Amino acid sequence: MRLLLVEDDPMLGAAIERGLRIGGYTIDWAETGEAARAAARAQAYDAILLDIGLPDGSGIDVLRDLRAARDLTPVIIITASGRLDRKVEGLDAGADDYVVKPFDLDELLARIRANIRRHEFRPSDLLSVGEVTLDLSARLVRKGDEQTNVTAKEFRVLSALLRRAGQFISKGELESALYDDASDVESNTIEVTIYALRKKLGAGFIVTARGLGYMVPK
Amino acid sequence: MALVLQRKTLAGRLFRRMSVLLTGVVIVVGAVAFWASKRQVDEFYDTELIATATLIEALMREEAQERELARDSGSTSVGEPASMSEEDQEAVSAYARWRVFHVWREGREVLASPAGPALVPPEAPVEGFDELEQTGATWRIYTLPLPQEGIVIQVGESLDVRGALIDRIALALVIPLTLLVPASLALMWLTLSDGLATLRRLVAEFGGRGVRDLAPLDAAAWPADLRPLVESMNRLFERLAASVEQEHRFVEHAAHQLRTPLAAVRLQAQLIAREEEPAERAVLAASLRAGVDRATQLIEQLLTLARLDATAQADGVVDVHGAAVAALADIAPIAALRDVRLALEGRCGPARGAPTPLKLVLANLLENAVNHAPAGSEVRVELCDLPDGCLVTVVDQGPGIPDADRRFVFERFYRGGGERGPGSGLGLAIAREASRLLGASVVLDNRKDAASGLRASVRLGAAAIQQA
């Protein structure tokens, strides 16, 4: 899953980015409001982490612009102020949630999961198709009662497929979920990953159609 | 009333002074009134004595004339001394029972009132008053000589008579006056406490305030003579409120800004706990230390700013050249580490200011310049004597500050976008605050020559000419 991190402080930004990567997310990091607006226009994100204090204005303004453009991506604001009026202002401007600095990494990850879950109308972090279950919070994959060991790449690809089970997902979209920067992608990575997943979960679990991409049938 | 007994209360002091004054005034008024009354009484009684003597004289003359007529008609004996008839004597006695009279002819008493002091015939009678001590009383005697007839009339009166009247007058004065003193004092006390009640109300108004209650009082609602006090208190409140507000904003801002490095530190600690690769752990540990360093630096700079806020503006004379040399020496190790050359150009004389703010201005401008200067570049301090002071400029070859950002950079905690050096974003804020204490301001400008870089200049005032 791909997140947009909007944070001007290099030290805090680096720490959040690293924490989110460990949590299995792909991160784009914008340091200014302008960069954030550009990134949000260019790419769909599963969630946006938005710091309020930015060098070129308030993150609240970025948020208002997003909502004005009918962008419904879940937005979690990062605020340095525990003041109620700031929280209210952020939520009223269209934020879905907020964390107050200094925050806990696990709490941040849980809030991101919760907001994406709500956004996707899922009741839980368990994605199930047939006898395969993927637990987004515990980062586990089970087939029947057996736990299946998957790599980080396999996990990301599988979660992308399961979240939109029954729909084809293009190779490009899967690459975007896998890599921060599409230029790094080796041409056959997706194929290799899909091959590994089919081996672990059953050949028919993921179907392919040329020109459409990949799908996990419901 | 307990208030009045305390020596130190204003009401007590006023009341004591006014009581002494009032008592003195009452005593003097009483004395003057008594003395004036006594004189009036004396004059009145003396006039009465003269009138009585004149009356006796008149009666005697009338008698003598009647006798003359009788003699002419030959009905009365000849040679009977001038006298008054029995009825006249009685009339005079009745008219003034408390008076005595004596009529002398050629040294012999021819007529006398039945009572009174025994008088000796005056040898050389002169018209006038005399006083005589006799039979335990003092008598005032009026002597009226009639030399043509060889008669001397003396009319006397005991001083007790007028004494009694004077006593009555004195009593009539003393009673109201003695009553007047306590009554006036009581009224005075009421007036005084009423007058001072306003003052007490003002005291209560100020005394009852909470620490945070700095609302001004309505000066127009207080009496004119309390208004200067109210107004100066209001000005004090205003300054206090401004400084409390500033402190409040500062503390809030500081706490706010500390949260960012703390958030980073917290996340870094969590990341270290999850990292199993020793090399990665070392990297994370280094950034954790950097985070702690940044928070520490931030705290130190906050303290510097807080202390600076409290410093009063100093109006001394500072050695600008010496301060610049010292500041360059201080930054030299960091500059060497970052491979930045330092230079000092020009000279300038002493300027108005104080050493500590000047040191802070120079140190922070230099630190800012060195932190943003690329390796191998030069940071230069230019000194220039001006007719009215001294211009200090710190020039670097860094990226400069975009025009759009220029107004933000002095804001506390602002950290420019783009290329980043270390620093909390407080350096320029400190430089600005400190230069304000020098009565100067920091002007930022990008270099006008071909090279990129920032020119930060401070125009210091001339040192005041020492008055002999």
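Placed above this text is the structure.
Remember, it's a predicted structure, so these values are computed and weren't measured experimentally.

Q: So, the sheet that holds strand β11 (residues 146–148) of chain A: which residues are in play, and what are the values?
A: Residues and elements named next belong to chain A. Strand order in the open sheet made by the four strands is β8-β9-β10-β11, with antiparallel pairing throughout. The open sheet has two edge strands with one neighbour each: β8 (126–129) and β11. Adjacent strand axes in the sheet meet at a mean angle of 25° when their direction is disregarded. Note: strand β10 (residues 140–143) against β11, three bridges, orientation antiparallel. Residue pairing for β11: valine 141 is matched across the bridge by threonine 148. Packing against the sheet, helix α6 (residues 152–163) makes contact with β8, β9 (132–135) and β10, and its axis sits at approximately 110° to β9. The strands that helix α8 (residues 189–201) touches are β9, β10 and β11; relative to β10, the one it contacts most, it runs at about 45°.

Q: Quick one: what's the story with the pairing of β9(A), residue by residue and with numbers?
A: All names here are of chain A. Every second residue of β9 is oriented toward a common face, with Val132 and Leu134 on one face and Thr133 and Asp135 on the other, all of them buried. Pairing analysis gives four bridges linking β8 to β9, with the strands arranged antiparallel. In the sheet register, valine 129 faces β9, and the bridge partner there is valine 132. Here β8 folds back onto β9, and the loop between the two strands holds two residues, one of which, glycine 130, carries a positive phi near 60°. As paired strands, β9 and β10 are joined by four bridges and run antiparallel to one another. Bridging from a neighbouring strand, leucine 134 pairs with valine 141 of β10. Hairpin remark: β9 followed by β10, antiparallel, with four residues in the connecting loop; positive phi at arginine 139, about 55°.

Q: Quick one: what's the story with the side chain of Arg140(B), residue by residue and with numbers?
A: All names here are of chain B. Here arginine 140 shows up in strand β4 (residues 137–146). A polar side-chain atom of arginine 140 sits 2.8 Å from a polar atom in the side chain of glutamate 131. Arginine 140 has contacts with Asp46, Leu49, Phe129, Asp130, Glu131, Val155, Gly156, Glu157, Leu159 and Arg162, leaving out every residue within four places of it along the chain.

Q: Provide a residue-level description of the state of the cysteines, including the pertinent values.
A: Residues and elements named next belong to chain B. One pass over the full model with this rule turns up one disulfide over all chains. A sulfur-sulfur distance of 2.1 Å marks the disulfide that ties cysteine 348 to cysteine 390. Judged by the sign of its S-S torsion, about -70°, the cystine formed by cysteine 348 and cysteine 390 is left-handed. Of the two residues, cysteine 348 sits in the loop between β7 (341–345) and β8 (351–352) while cysteine 390 sits in strand β10 (residues 389–395), which places them 42 residues apart along the sequence.

Q: For a negative patch on the surface, give the residues involved together with the corresponding values.
A: All names here are of chain B. A cluster of acidic residues, Glu62, Glu66, Glu86, Glu87 and Glu90, forms a negative patch at the surface. Elements with a contribution of two residues or more to the negative patch: α2 (10–73) and α3 (86–95). Looking at which element gives the most residues to the negative patch, the answer is α3, with three residues. Tracing the chain through its elements places glutamate 86 in helix α3.

Q: Can you tell me about the packing of helix α2 (residues 33–42) of chain A against helix α3 (residues 59–68) of chain A, naming the residues and giving the values?
A: To characterise two packed helices, one gives the angle between the axes of the helices and the distance between these axes. All names here are of chain A. Running from N to C, α2 and α3 point in directions that differ by 20°, and their axes come no closer than 10 Å. It follows that α2 is roughly parallel to α3 by the angle criterion. Like other packed secondary-structure pairs, α2 and α3 cross with a definite hand, here right-handed. Here Gly33, Ala36, Arg37 and Ala40 of α2 lie close against α3, whose contacting residues are Asp61, Val62, Asp65 and Leu66. Tallied by class, the residues present in the contact of α2 with α3 amount to four nonpolar, one polar and three charged.

Q: An account of the pairing of strand β2 (residues 108–112) of chain B is requested, with residue identities and associated values reported.
A: Residue and element names in this part refer to chain B. In the sheet, strand β1 (residues 99–105) pairs with β2 via four bridges, with the strands oriented antiparallel. Among the inter-strand pairings, valine 103 is bridged to a residue of β2, identified as leucine 111. Joining the antiparallel neighbours β1 and β2 is a turn of two residues, in which glutamate 106 adopts a positive phi near 50°.

Q: Could you give an account of the interface of chain A and chain B, naming the residues involved and the relevant values?
A: Counting residues at the interface gives 24 residues for chain A and 23 residues for chain B. Broken down residue by residue, the surface that chain A buries against chain B is led by Met11(A), Arg18(A) and Pro102(A), which jointly contribute 28%. Here Arg18(A) makes a salt bridge to Glu280(B), at a shortest N to O gap of 2.2 Å. At the boundary of chain A and chain B, one finds ten residue pairs in polar contact (both at pLDDT 80 or more). When contributions to the side of chain A that touches chain B are tallied by element, the ones reaching two or more residues are α1 (10–22) and α5 (105–119) of chain A. Considering every element that reaches the side of chain A that touches chain B, the biggest residue donor is α1(A), with eight residues. Here the residues of the side of chain A that touches chain B sort into twelve nonpolar, three polar and nine charged.

Q: Before we move on, could you go through the packing of α1(A) against helix α5 (residues 227–274) of chain B and cite the residues and values that matter?
A: Where α1(A) contacts α5(B), the two axes come as close as 8 Å, and the packing angle between them is 35°. Read as a crossing pair, α1(A) and α5(B) show a hand that is left-handed. Contacts between α1(A) and α5(B) involve Met11(A), Leu12(A), Ala15(A), Ile16(A), Arg18(A), Gly19(A) and Ile22(A) from the former and Thr260(B), Ala263(B), Ala264(B), Leu267(B), Gln268(B) and Leu271(B) from the latter. Residues of the contact of α1(A) with α5(B), tallied by class, amount to nine nonpolar, three polar and one charged.

Q: Just give me the short version of the packing of aromatic side chains, but keep the residues and values in it.
A: Residue and element names in this part refer to chain B. All chains considered together, the criterion is met by four aromatic pairs over all chains. Their ring planes at 75° and their centres at 5.4 Å tell us that phenylalanine 15 and tryptophan 189 sit as a pair that is edge-to-face. Separated by 174 residues along the polypeptide, phenylalanine 15 in helix α2 and tryptophan 189 in helix α4 (residues 159–207) bring together distant segments of the chain. When sorted by exposure, phenylalanine 15 lands in the same class as tryptophan 189, which is buried. Each ring, one from phenylalanine 129 and one from tyrosine 142, has its centre 5.0 Å from the other, and the planes form 40°; the classification is tilted.

Q: Give me the lowdown on unusual backbone geometry, citing residues and values where you can.
A: Residue and element names in this part refer to chain A. Looking along the chain, the bond that leaves lysine 101 and enters proline 102 is cis, with omega of -10°. By the secondary structure assignment, proline 102 is in the loop between β7 (97–100) and α5. Look at arginine 70: it is not a glycine, yet its phi comes out positive at around 55°. Within the element layout of this structure, arginine 70 appears in the loop between α3 and β6 (75–79). Using a relative accessible area of 70% as the deciding quantity, one classes arginine 70 as exposed. Positive phi, close to 55°, is recorded for arginine 139, a residue that is not glycine. In this structure, arginine 139 sits in the loop between β9 and β10. For arginine 139, a relative accessible area of 29% translates into the label partly exposed.

So, how was this worked out
- Residues numbered from 1 in each chain as written.
- Chains lettered and ligands numbered in written order.
- Predicted model: local features only at pLDDT ≥ 70, side-chain atom pairs only at ≥ 80, totals over all residues.
- Heavy atoms only, no water.
- Pairing = 2+ DSSP bridges.
- Helix = DSSP H or I, 4+ residues; strand = E, 2+ residues; numbered from the N terminus.
- Axes fitted to C-alpha atoms, helices over the stretch in contact; angles between N-to-C directions.
- Contact = heavy atoms within 4.5 Å.
- Buried < 20%, exposed > 50% of the residue type's maximum accessible area, 1.4 Å probe, protein only.
- Polar contact = N/O pair within 3.5 Å; in protein donor to acceptor, adjacent residues only side chain to side chain.
- Disulfide = S-S within 2.5 Å.
- Patch = residues over 30% accessible without salt bridge, like charges linked within 9 Å, V, L, I, M, F, W, Y side chains within 5 Å.
- Areas by Shrake-Rupley, 256 points an atom, 1.4 Å probe, with all protein chains shown as cover.
- Salt bridge = Lys/Arg side-chain N within 4 Å of Asp/Glu carboxyl O.
- Lys, Arg positive; Asp, Glu negative; His and termini not counted.
- Charge placed at Lys NZ, Arg CZ, Asp CG, Glu CD.
- Parallel < 35°, antiparallel > 145°, perpendicular 65-115°, else oblique.
- Left-handed = near helix turned anticlockwise from the far one by under 90°.
- Nonpolar A, V, L, I, M, F, W, Y, C, P; charged D, E, K, R; others polar.
- Buried area = accessible area lost by both parts, 1.4 Å probe.
- Phe/Tyr/Trp six-rings, centres within 6.5 Å; stacked < 30°, edge-to-face > 60°.

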